[in-house]
Amino acid sequence: MVGTGIAASFGVLIKGGDILERINGITTVVFDKTGTLTLGRPELVSATADSADLRLAAGLAANSRHPLAQALVRAVPAAAVIDGVDELPGQGLQHGETRLGSARFCDVRMPPNDGHSELWLSRPGRAPVRFAFADRLRPDAASAIAALRRDGLTVELLSGDRLAAVERIAREVGGSWQAETTPADQTAHIEALARRGKRVLMVGDGLNDAPALAAAHASLSPTTAAEATQNAADAVFQGDSLWPVVEVLRVARRADALVRQNLILALLYNL
């Protein structure tokens, strides 16, 4: 109870009494990229589109909570929301034969390799249109990941974003990484780590991350995450800082040590 209260004091809201106990046994921390290592507030920096394409893409994007989709909506606030749009986790949005999403989802064979995150708009008989976005790392992302490593934890980055964009972030924060992963890929990877005896803490924010959060030994998401993602996570953290992830792991270890210490003292006293 005290550990849960301390975690709340630095912005981590824990949902259940056994979660700190599970967090104490973590050996590997797996991060999503967009909205988790980054601030999740990307901005549209370039588009090979006319105003009609922009309005169409923004109307589709209004049906998604994905950070890139929301950035597109912010760039074209006057666009009308398009109804009847289906969202396919890890791929994109579809309305009839019109698609907005990843290069693979939109059948783009050789997308540019400039390190930007991107969405593509594809329609029958028209050339695909690219929307490029830039997002900033959380201000303490590199130092928080370095602290996790000093504490003896393995850190990995799993993202559905393109290889160049993920590689750029990985160079800044360090650690092993995988790009262009689907939700099924992420879940399979976490399950494979579990079979090797690893206890995984998954940290993610997107609707695509919910299956991986559920598969992990314990999970965290920021309060900016989609509602389904927050529901799947064991705890949520507030603010732009990534340091609460470090602190909650340390509090869990300290709480476990104090519980064991108290049990030993009680045993000695009774003896």
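Residues numbered from 1 in each chain as written. Predicted model: local features only at pLDDT ≥ 70, side-chain atom pairs only at ≥ 80, totals over all residues. Heavy atoms only, no water.

A word on the packing of aromatic side chains. Under the counting rule described, the total for this entry stands at 0 aromatic pairs. In this structure, arginine 99 packs its charged tip against the face of phenylalanine 105, placed 4.4 Å from the ring centre. (Phe/Tyr/Trp six-rings, centres within 6.5 Å; stacked < 30°, edge-to-face > 60°. Lys NZ or Arg CZ within 6 Å of the ring centre and 35° of its normal.)

Mapped onto the secondary structure, proline 112 falls in the loop between β6 (98-101) and β7 (117-122). The spacing of proline 112 and glutamate 21 is 91 residues in sequence and 45 Å in space, taken between C-alpha atoms. Apart from residues lying up to four places away in sequence, proline 112 is in contact with Glu118, Trp120, Arg130 and Arg162. (Helix = DSSP H or I, 4+ residues; strand = E, 2+ residues; numbered from the N terminus. Contact = heavy atoms within 4.5 Å.)

On to the pattern of salt bridges. Counted according to the given criterion, the structure contains 12 salt bridges. Its salt-bridge partner being aspartate 53, residue arginine 123 comes within 2.8 Å of it at the nearest N-O pair. Taken as a pair, arginine 123 in the loop between β7 and β8 (129-134) and aspartate 53 in helix α4 (residues 51-61) lie far apart in primary sequence, 70 residues in all. Considered together, arginine 123 and aspartate 53 belong to a single accessibility category, that of buried residues. Here arginine 171 and glutamate 167 are joined by a salt bridge, their closest N and O atoms 4.0 Å apart. Residue arginine 171 and its partner glutamate 167 are located together in helix α7 (residues 163-173), separated by 4 residues, close to a single helical turn. Judged by its relative accessible area of 60%, arginine 171 falls in the exposed class. Overlapping salt bridges bring together Asp18, Arg22 and Asp234 as one network. (Salt bridge = Lys/Arg side-chain N within 4 Å of Asp/Glu carboxyl O. Buried < 20%, exposed > 50% of the residue type's maximum accessible area, 1.4 Å probe, protein only.)

In this section: the side chain of threonine 98. Mapping threonine 98 onto the fold places it in strand β6. Since its relative accessible area comes to 15%, threonine 98 is described here as buried. Apart from the residues lying within four places of it in its own chain, the contact partners of threonine 98 are Leu56, Leu60, Leu93, Leu121, Ser122 and Arg123.

The antiparallel open sheet is built from 6 strands, whose spatial order is β3-β8-β7-β6-β5-β4. Every interior strand has two partners, whereas the edge strands, β3 (43-47) and β4 (86-88), have only one. Mean inter-strand twist for the sheet, computed between neighbouring axes without regard to direction, equals 20°. The sheet contact formed by β3 and β8 spans 4 bridges and is antiparallel. In the sheet register, glutamate 43 faces β8, and the bridge partner there is alanine 134. Sitting on the sheet, α4 is in contact with β3, β5 (92-95), β6, β7 and β8, with an inclination near 75° to β6. (Pairing = 2+ DSSP bridges. Axes fitted to C-alpha atoms, helices over the stretch in contact; angles between N-to-C directions.)

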